[in-house]
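Structural overview
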Amino acid sequence: RSHRQVGVVDARGNAAAFTGEDCFDWAGDATGDYYTVQGNILVGEETVGEMGRAFVETTGSLADRLLASLAAGQRAGGDSRGRQSAALLVVRENGGYGGRNDRALDLRVDDHPEPIEELLRIRSLHELYFGEVKPEDVVKLDGRAREDVASILRGLGYLRTGHPAGDGELYHALGAFIRTENFEEREQERGYIDLEVLRALQSRR
């Protein structure tokens, strides 16, 4: 136990932490409502202090707050050995892909010169492919937008050239693009499109 650290937060937000006296310097922890931070071989105590402060002051999802905490800890000195890896795990009942497991976020960077920045980048990709679709981000696919989508799909080879695309052909092609690009979680009913999918298409113009 003298070489170990542990932190626990219960369902009511009460936190407790333990740092053994033989953990490598600097080693310690910080706790507050709904969080606990542990670290060893750190530059100093300010690392865990800044991580706790960032968690408290950041708004948004649990993932947002955890990532802000990691970034704050790095700015405050981080690991005295330098930078190499970072990871983020958020568990929520049925929160995984298609509701088939509880891993809402399970991301890791094992070897990178800027691991936290890379973790932020892949988290943004996770949000793009698997994030919640907001009602205000679903728009009707008609008029100029429909023409634009048809033109882009034609250029990408999903539609035949030389003739106008009927609704059936257009939505079949759009569905093929969505599934090819792993946007299944953002696929909408016929006649509508998610704005992230639309932006992804427009970026291929």
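Located above this text is the structure these notes cover.
Calculation rules
Residues numbered from 1 in each chain as written. Predicted model: local features only at pLDDT ≥ 70, side-chain atom pairs only at ≥ 80, totals over all residues. Heavy atoms only, no water. Helix = DSSP H or I, 4+ residues; strand = E, 2+ residues; numbered from the N terminus. Rg over C-alpha atoms; globule rule 2.2 N^0.38 Å. Buried < 20%, exposed > 50% of the residue type's maximum accessible area, 1.4 Å probe, protein only. Phe/Tyr/Trp six-rings, centres within 6.5 Å; stacked < 30°, edge-to-face > 60°. Lys NZ or Arg CZ within 6 Å of the ring centre and 35° of its normal. Contact = heavy atoms within 4.5 Å. Pairing = 2+ DSSP bridges.

**Some words on the overall build of the protein**
- Of regular secondary structure, the protein possesses six helices and eight strands.
- Reading the protein from its N terminus to its C terminus gives the helix and strand order β-β-β-β-α-α-β-β-α-β-α-α-β-α.
- Here the protein has a C-alpha radius of gyration of 23 Å; the compact-globule value for 205 residues is 17 Å, and the former is much larger.
- Seen through its principal axes, the protein has C-alpha atoms that stretch 75 × 35 × 25 Å.
- Expressed as a percentage of its 205 residues, the buried residues of the protein come to 35%.

**A closer look at the packing of aromatic side chains**
- Taken as a whole, this structure holds five aromatic pairs when the rule is applied.
- Relative to F55, the ring of Y35 has its centre 5.8 Å away and its plane inclined at 50 degrees; by these criteria the two rings are tilted. Of this pair, Y35 sits in strand 4 (residues 35-39) while F55 sits in helix 1 (residues 46-57), placing them 20 residues apart in sequence.
- Residue F55 is classed as buried on the basis of its relative accessible area, which comes to 6%.
- Ring geometry for Y158 versus F177: centroids 5.8 Å apart, planes at 85 degrees, classification edge-to-face. Residue Y158 is located in the loop between helix 4 (143-155) and helix 5 (167-180), and its partner F177 is located in helix 5; the two are separated by 19 residues in the primary sequence.
- Y158 gets classed as partly exposed once you look at its relative accessible area, which sits at 26%.
- Here a set of aromatic residues connected by ring pairs shows up, and it is made of Y97, Y129, F130 and F183.
- For the cation-ring pair, R65 lies above F55, with the distance from its terminal atom to the ring centre recorded as 4.1 Å.

**Digging into the environment of A68**
- Among the secondary structure elements, A68 is positioned in helix 2 (residues 62-75).
- With a relative accessible area of 22%, A68 lands in the partly exposed category.
- On a C-alpha basis, the gap between A68 and D106 in space is 17 Å, while along the polypeptide they are 38 residues apart.
- Once residues lying within four places of it in the same chain are set aside, the contact partners of A68 are A54 and T58.

**Looking at unusual backbone geometry**
- Following D25, the chain continues into W26 via a peptide bond in cis, with omega recorded as -15 degrees.
- Mapped onto the elements, W26 comes out in the loop between strand 2 (15-19) and strand 3 (28-32).
- The backbone of N94 sits at a positive phi, close to 60 degrees, despite the residue not being glycine.
- Mapped onto the elements, N94 comes out in the loop between strand 5 (86-91) and strand 6 (103-109).

**A few points about the pairing of strand 3**
- Examined bridge by bridge, strand 3 and strand 4 share five bridges and lie antiparallel to one another. Note on strand 4: the bridge partner recorded for D29 is Q38.
- Between strand 3 and the antiparallel strand that follows it, strand 4, lie two residues; Y34 among them carries a positive phi value of about 75 degrees.

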